[in-house]
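Survey of secondary and tertiary structure
These are the residues of each chain, in order.
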Amino acid sequence: MTTRYSVRFVNSSGEWSVEVEHGTDLLEASRMCDAPVQTLCNGIGACVQCKVRVLENPENLSDPQTLEKDKMGNIFHITGERLGCQAKVEGPVVIEPLPARLPKKKRMRLRRS
Ligand code: FES
């Protein structure tokens with residue numbers, strides 16, 4: 001029998017819950033319950049749109065690996081933010097999906113048009 005853990009997403013728009021298998025990443029978990037975690041790269045770790053804030057039990061997520069540290073810096077312990085596509089569930093967690101932010105170049109292009 002596979003161990004399953006509860007993942008609860010909470011923000012000002014609502015609350016979404018799902019039970020996932022050990023090792024499921026937070027982006028995949030969000031898709032299972034329609035929680036609003038954003039992506040432009042479909043989870044390959046390139047876009048940084050899938051940022052989430054860990055509200056409870058950060059120790060129940062996999063440790064940040066090189067790709068995530070390269071994208072986010074080493075600030076998890078200060079901000080509580082992780083990349084949803086890289087953080088894997090290893091126990092029950094509560095997560096806040098963060099609003100998507102367009103890359104600076106795209107923001108500038110959008111302003112000019
Ligand atoms: S989905 Fe693009 S970096 Fe996570």
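An account of the accompanying structure is given in this report. (Residues numbered from 1 in each chain as written. Predicted model: local features only at pLDDT ≥ 70, side-chain atom pairs only at ≥ 80, totals over all residues.)

1. Describing the nonpolar core
The nonpolar side chains of soluble globular proteins are, as a tendency, buried together. Core analysis: the biggest nonpolar cluster contains 20 residues, and V7, L26, V89 and I95 have the highest contact counts within it. Filtering out sequence-adjacent residues up to four positions away, V7 remains in contact with V18, V20, L26, A29, V89, V93 and I95. (Core = buried A, V, L, I, M, F, W, Y, C linked by C-beta atoms within 7 Å. Buried ≥ 20, exposed ≤ 12 C-beta atoms within 10 Å, placed from the backbone. Contact = placed C-beta atoms within 7 Å.)

2. Quick word on the sheet that holds strand β1 (residues 4-11)
If you trace the five strands from one edge of the open sheet to the other, you get β2-β1-β5-β3-β4, paired in mixed fashion. Each edge of the sheet is formed by a strand with only one pairing partner; in this case those strands are β2 (14-21) and β4 (81-83). Between one strand and the next, the sheet's axes are offset by a mean angle of 35°, whatever the strand orientation. Bridging between β1 and strand β5 (residues 93-97) involves three bridges; their strand directions are parallel. Each residue of the ladder has a partner; that of R8, found in β5, is V94. (Pairing = 2+ DSSP bridges. Helix = DSSP H or I, 4+ residues; strand = E, 2+ residues; numbered from the N terminus. Axes fitted to C-alpha atoms, helices over the stretch in contact; angles between N-to-C directions.)

3. Examining helix α1 (residues 26-33)
Taken as a whole, α1 has its buried residues at L26, L27, A29 and S30. Seen end-on, α1 carries its buried residues on one side only, within an arc spanning 160°. Against the buried residues of α1 lie β1, β2, β3 (51-56) and β5. Looking one or two places after α1, you find D34, whose phi comes out positive at around 60°. (Arc of directions from axis to C-beta.)

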